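Observations on chain architecture
What follows is each chain in one-letter form.
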Amino acid sequence: MPAMNAESTRVAVVACPDWQAVAAQCDLHARGQVFDAVAVLHAQRVIARTAAAAEQGVQVGMRKREAQATCPNMHITAHNPERDRLMFEPVVHAIAELVPLVEVSMPGVVVLATRGPSRYVGGDDALAQRLTVIAETALHKLAQGQRIPFGVGIADGRLTAMIAARSAASVGLPRVVAPNESAQCLAVLPVSVLADFAEIDRNVVSLLQRLGLAHLGNIAEIQPSILVGRFGPVGNEMQRLARGLDRHPPIVVAPPPERASTHRFEAPVEDVNVVVLTARETANELVAHLGNHGASCVRLHISLHTDHGEQNDRVWYQPEGLTAAAMAERVRWQLDAWIASRGVTSGVVLFRLSPIGLRAKEGRQLGLWGDSTEADEWASRAIERLTAMLGAESVRVPEWRGGRDPAEVFTLTSAAVVDVERRALSHVTSETQWNGALPTPSPSVVYDDPLPVLVCDARGEEVTVSGRHELSAEPTVVILQQHHYNVLSWAGPWPVEERWWDTSRQRRMVRMQFVVGRNDIATTTRALVVIREHGQWWVTARYG
Amino acid sequence: MYEPLPTLPVPPELRVMFPEGGLVRGRTVLCSGDAAVAMALRVVSSATQAGSWLGIVGVHNVGVQAASEHDVALQRVVFVQPASSRTEWVSTVAAVADGFDLLMLEVPHGVTMADARRVQTRIQARRNALVLIGATHQSAVQSVFQPDVIMNTATTKWHGIERGAGHVQGRDVQVAVSGRRVPKARQHSLHFVG
C-alpha cells in the first residue's frame with residue numbers, strides 16, 4: 001500500500017458535468033417533452049447546459065438573450081436545486097450499494113474515500129471500472145436510453161479527483177491519478193479551475209490572473225504567508241488546493257471531546273418531521289459544542305437506524321461549514337431519499353450526527369459565499385424566534401415537489417430545518433408543467449380540505465361522469481355550503497390517473513373548472529376547480 | 001425640502017393605483033373582493049423579487065403555485081400559523097414584523113381596534129408594509145384597521161372558458177381604489193392572468 005499523505009485523502013469522484021441541465025432534461029423527458037438542447041438559468045445567466053446545447057456554442061455564464069440567439073431551439077428552465085437533488089438520488093443509491101458511505105456535496109457529484117473500496121475490489125483501477133459500470137447503468141435507466149455524460153476520477157485530494165472526473169467525462173474513460181502525483185498534475189492547470197471546482201470566488205481568481213499567476217503551479221510555489229497576507233484565509237486554502245492537499249488542514253489542536261451526537265428514540269418514529277426536528281435540536285447542541293472549541297463542521301456523517309435493523313449512512317460536505325439548520329436539512333434529504341428507495345420498513349429508532357471534517361471557525365461563515373443580505377439575516381433570526389414561540393409546525397416555507405394536483409406541486413416544510421439564508425440565494429419555482437396538471441394560471445386559493453359540493457343538471461339530478469369521462473348531462477346548478485350558484489361556463493372533465501402502478505396510493509378522478517354566479521348578486525362570479533372522486537364532487541381550489 | 005416617502009416596488013400595472021408609485025413603508029393596504037388573494041400576491045410580488053421577505057400570517061389555503069406564477073419570490077416567503085388566542089395573535093404579528101419587510105395577514109374574528117392599533121404602530125415603527133386580505137368579512141376588517149389604501153376587486157369577465165370547452169386563462173378585474181391616503185377614489189380595470 002502506498003504511503004498515505006496525512007494532509008490529503010485519496011478519493012474517487014463520480015461526476016456528471018452540467019447536472020442541472022441533465023436533470024431538467026430528464027425531468028422534461030419523463031413528462032413527454034423531449035428536448036436535446038436544454039439550459040438552466042440562474043440570475044439571468046446560464047449555469048448549465050446539455051451537450052447538444054454546448055455543441056451549438058452555448059456557454060456557461062452567457063446571458064439569456066445571448067444563449068437564445070446562439071441556440072434558438074433550446075429549452076430554457078430556471079434553476080431548481082430540489083429537482084437536481086431528487087433526480088440524482090438513483091445514482092447515489094446505486095453507488096451506495098457498492099460503497100456504503102458516500103458523500104454528496106452537490107447534486108451531480110458523488111465523492112467517496114477509496115481506501116476501503118479499492119482494497120475490496122482490487123485496486124484503484126478496478127474500482128474506477130466498477131464505478132463506471134454502476135453509474136452507467138443507473139444513468140441509462142434514468143435517461144430512458146439516452147446517454148448522459150459522466151466521468152470517474154481517482155486521485156489524492158478532492159480537487160484533483162474532481163478535475164480527473166471532468167476530463168474522464170469528456171474522454172469517456174475513467175482516469176486514475178497515481179498516488180503522490182496530484183501536485184504535478186495540477187501544476188499545469190489554469191487557476192480558473194479553482195473557481196470551477198473548488199467554489200473559490202471568481203473575483204479572487206481574476207485577481208490571481210491579473211497578478212500574473214496563471215497556473216496552479218505558480219500558486220504552489222508562493223509561500224503561504226504571502227498569500228494569506230494578500231487574500232486572507234482564502235489564500236491559505238488556495239495554496240493548499242494548488243499543492244493537491246485537502247482544502248482545510250487537519251485540525252492540530254485536540255479534537256473536541258465526544259464528537260458524535262447520538263439520539264435514541266424511546267419508540268420507533270415513523271414521522272419524518274419528528275425525526276428531523278429532533279435532529280435540529282441535536283444539531284443545535286453539536287454546533288454550539290463545536291463552536292465553543294472554535295471549530296465548525298464541513299463534513300458530516302449522518303447515520304440512521306430503524307427498528308428492523310436497517311441502517312443508512314451518508315456523508316455531507318459544505319466547504320463553508322454546516323449550520324444547525326443545514327444539518328437538519330441534510331437529515332431530511334437523507335431520510336426522504338431512503339424512504340423513496342423503499343429501504344425502510346419501520347420507524348427510526350436512532351440517528352447519529354458525527355462531524356468528521358472540521359475547520360477552524362472564522363467568525364461568521366455565511367459571508368464566505370457572498371450575497372446574503374441583511375434582510376436575509378433578519379429573516380432567519382425572526383424564523384428562529386417564531387419557531388421558538390409557536391412550534392416548528394407553525395412556521396413553514398414552500399418547497400417544490402411536483403405533481404398534478406394544485407395542492408401537491410409545493411409542500412410546506414418546517415422552516416427550522418431549512419437553511420433559509422442559503423436558500424434565499426437560489427430560486428424556488430416550477431415552470432415545467434406535468435402532463436395532466438391543471439393548465440396555468442393556477443388557482444390562488446387551494447383548500448387543504450376540499451369542500452363537498454353538489455353538481456346538478458337542469459332537472460335537479462346530480463351530474464355523474466361515465467367510465468369514458470363523459471358527463472351525464474350539462475351542469476347547470478352548483479350547491480356549495482347551502483348556497484345555490486348558476487353554472488355560467490365549465491371546462492373538462494379531464495381525467496387524472498395517478499400512481500396506477502401502486503394499488504395503495506393510486507388515485508382516479510376527473511377534474512373540471514366551473515365559473516359560477518349567484519342569482520341574487522348578479523355581479524359576483526367565481527371560478528372553481530372541482531374534482532369527482534369516489535362518486536362525490538369536491539371543490540379543491542378557487543381562483544380567489 | 002419635501003422628501004419622497006420610502007416605498008417598496010409594485011408591478012408596473014399597479015403603479016397607477018398607488019399615489020406614491022409603490023407600497024409606502026409603514027402603511028396598510030387592504031385587498032378585498034373576489035380576487036383579494038390574487039391581488040394581494042400581485043401587490044407584494046415585485047418587492048419580494050427585489051429582496052424583501054414576506055411573512056404570510058394566518059392566511060389559509062394560499063395557492064403556492066399561484067403565488068409563484070404571480071412572480072412572488074418563494075425563496076423569501078414564510079408561512080406562519082399564529083396561535084388561536086387573540087393576544088398571541090398580536091405578539092405573533094409583532095414578531096413577524098421584526099423580521100420581514102412585508103406582512104400579509106388575514107385578520108381573525110374578534111380582533112379589536114386596540115389590537116389593530118398595536119399592530120399598526122409596530123408596522124409604522126419598523127417600517128414594514130402591511131397587506132390585509134379581507135375576502136370574507138371586509139367591512140369588519142376595514143372598520144378595525146382603517147387601511148390607508150383599500151383595493152376592492154370584482155371579477156367582470158373570465159377568459160378562455162366556455163360552456164364545456166377551453167379552460168380558465170385569465171380574467172378582467174375591476175379594482176376600486178379608495179382609503180384615507182388616496183386623494184380621490186378611482187376605478188381601474190386590470191387584466192389578470194390567474
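Throughout what follows, the structure given in this document is the object of discussion. (Residues numbered from 1 in each chain as written. Chains lettered and ligands numbered in written order. Predicted model: local features only at pLDDT ≥ 70, side-chain atom pairs only at ≥ 80, totals over all residues. Heavy atoms only, no water.)

Our next topic: the packing of aromatic side chains. The full count for this structure, using the stated rule, is 5 aromatic pairs over all chains. Relative to Phe-88 of chain A, the ring of Trp-19 of chain A has its centre 4.9 Å away and its plane inclined at 65°; by these criteria the two rings are edge-to-face. In this pair, Trp-19 of chain A is assigned in helix H1 (residues 19-30) and Phe-88 of chain A in helix H4 (residues 81-98), connecting sequence segments 69 residues apart. Here Trp-19 of chain A and Phe-88 of chain A have matching classes, each one buried. A cation over a ring is seen here: Arg-158 of chain A above Tyr-317 of chain A, with NZ or CZ 3.6 Å from the ring centre. Directly above the aromatic system of Trp-378 of chain A lies the positively charged group of Arg-126 of chain B, at a separation of 5.4 Å from the ring centroid. (Phe/Tyr/Trp six-rings, centres within 6.5 Å; stacked < 30°, edge-to-face > 60°. Helix = DSSP H or I, 4+ residues; strand = E, 2+ residues; numbered from the N terminus. Buried < 20%, exposed > 50% of the residue type's maximum accessible area, 1.4 Å probe, protein only. Lys NZ or Arg CZ within 6 Å of the ring centre and 35° of its normal.)

We now examine the interface of chain B and chain A. Many analyses report the size of an interface as the accessible area lost when the parts associate. With 48 residues of chain B at the interface, the matching set in chain A holds 54 residues. Taken together, the two surfaces of chain B and chain A that pack against each other cover about 4100 Å², and 59% of this comes from carbon and sulfur. Summed over the three residues of chain B that lose the most area to chain A, namely Asn-61, Gln-75 and Arg-163 of chain B, the buried surface amounts to 17% of that side. The residue Glu-474 of chain A makes a salt bridge to Arg-163 of chain B at a minimum N-O spacing of 3.7 Å. Connecting chain B to chain A are 15 residue pairs in polar contact (both at pLDDT 80 or more). (Contact = heavy atoms within 4.5 Å. Buried area = accessible area lost by both parts, 1.4 Å probe. Salt bridge = Lys/Arg side-chain N within 4 Å of Asp/Glu carboxyl O. Polar contact = N/O pair within 3.5 Å; in protein donor to acceptor, adjacent residues only side chain to side chain.)

Okay, the pattern of salt bridges next. All names here are of chain A. Scanning all chains against the criterion turns up 20 salt bridges over all chains. The partner of Arg-299 in a salt bridge is Glu-103, with the nearest N and O atoms 2.8 Å apart. On the criterion of sequence distance, the pair formed by Arg-299 in strand E10 (residues 295-306) and Glu-103 in strand E5 (residues 102-106) is long-range, its members being 196 residues apart. Assessed through its relative accessible area of 1%, Glu-103 is described here as buried. Each member of the salt-bridge network shares a partner with another, and the members are Arg-10, Asp-124 and Asp-156.

A word on helix H10 (residues 202-210) of chain A. Residues and elements named next belong to chain A. For H10, the complete set of buried residues consists of Val-204, Val-205 and Leu-208. Each buried residue of H10 lies within a common arc of 100° when the element is viewed along its axis, so the set occupies one face. Facing away from the buried surface of H10 by more than 90 degrees, the exposed residues are Arg-202, Asn-203 and Arg-210. Considering only its buried residues, H10 is in contact with helix H9 (192-198), helix H11 (216-221), helix H12 (224-231) and helix H13 (233-242). Two to three positions downstream of the cap, the backbone nitrogen of Asn-203 sits 3.1 Å from a side-chain oxygen, assigning the N-cap of H10 to Asp-201. Where H10 ends, the next residue or the one after it, Gly-212, has phi of about 90°, a positive value. (Arc of directions from axis to C-beta.)

This paragraph deals with the sheet that holds strand E9 (residues 166-178) of chain B. In space, the 10 strands of this open sheet follow the order E14(A)-E13(A)-E5(B)-E4(B)-E6(B)-E7(B)-E3(B)-E8(B)-E9(B)-E10(B), with mixed pairing throughout. Because the sheet does not close on itself, it has two edges, and the strands there are strand E14 (410-414) of chain A together with strand E10 (186-192) of chain B. When strand polarity is set aside, the average angle formed by the axes of neighbouring strands in this sheet is 25°. One ladder, built from 7 bridges, connects E9 of chain B with E10 of chain B; its direction is antiparallel. Each bridged residue has a counterpart across the sheet, and for Gln-174 of chain B the counterpart in E10 of chain B is Ser-189 of chain B. Each of strand E4 (54-57), strand E5 (77-80) and strand E6 (102-106) of chain B is contacted by helix H3 (residues 86-99) of chain B, which is oriented at about 160° to E6 of chain B, the strand it contacts most. (Pairing = 2+ DSSP bridges. Axes fitted to C-alpha atoms, helices over the stretch in contact; angles between N-to-C directions.)

Residues and elements named next belong to chain A. Following the criterion strictly, the structure yields 0 disulfides over all chains and no others. Summary of cysteine pairing: Cys-16 is not part of a disulfide, and the nearest cysteine sulfur, belonging to Cys-26, is at 9.4 Å. Judged by its relative accessible area of 5%, Cys-16 is buried. (Disulfide = S-S within 2.5 Å.)

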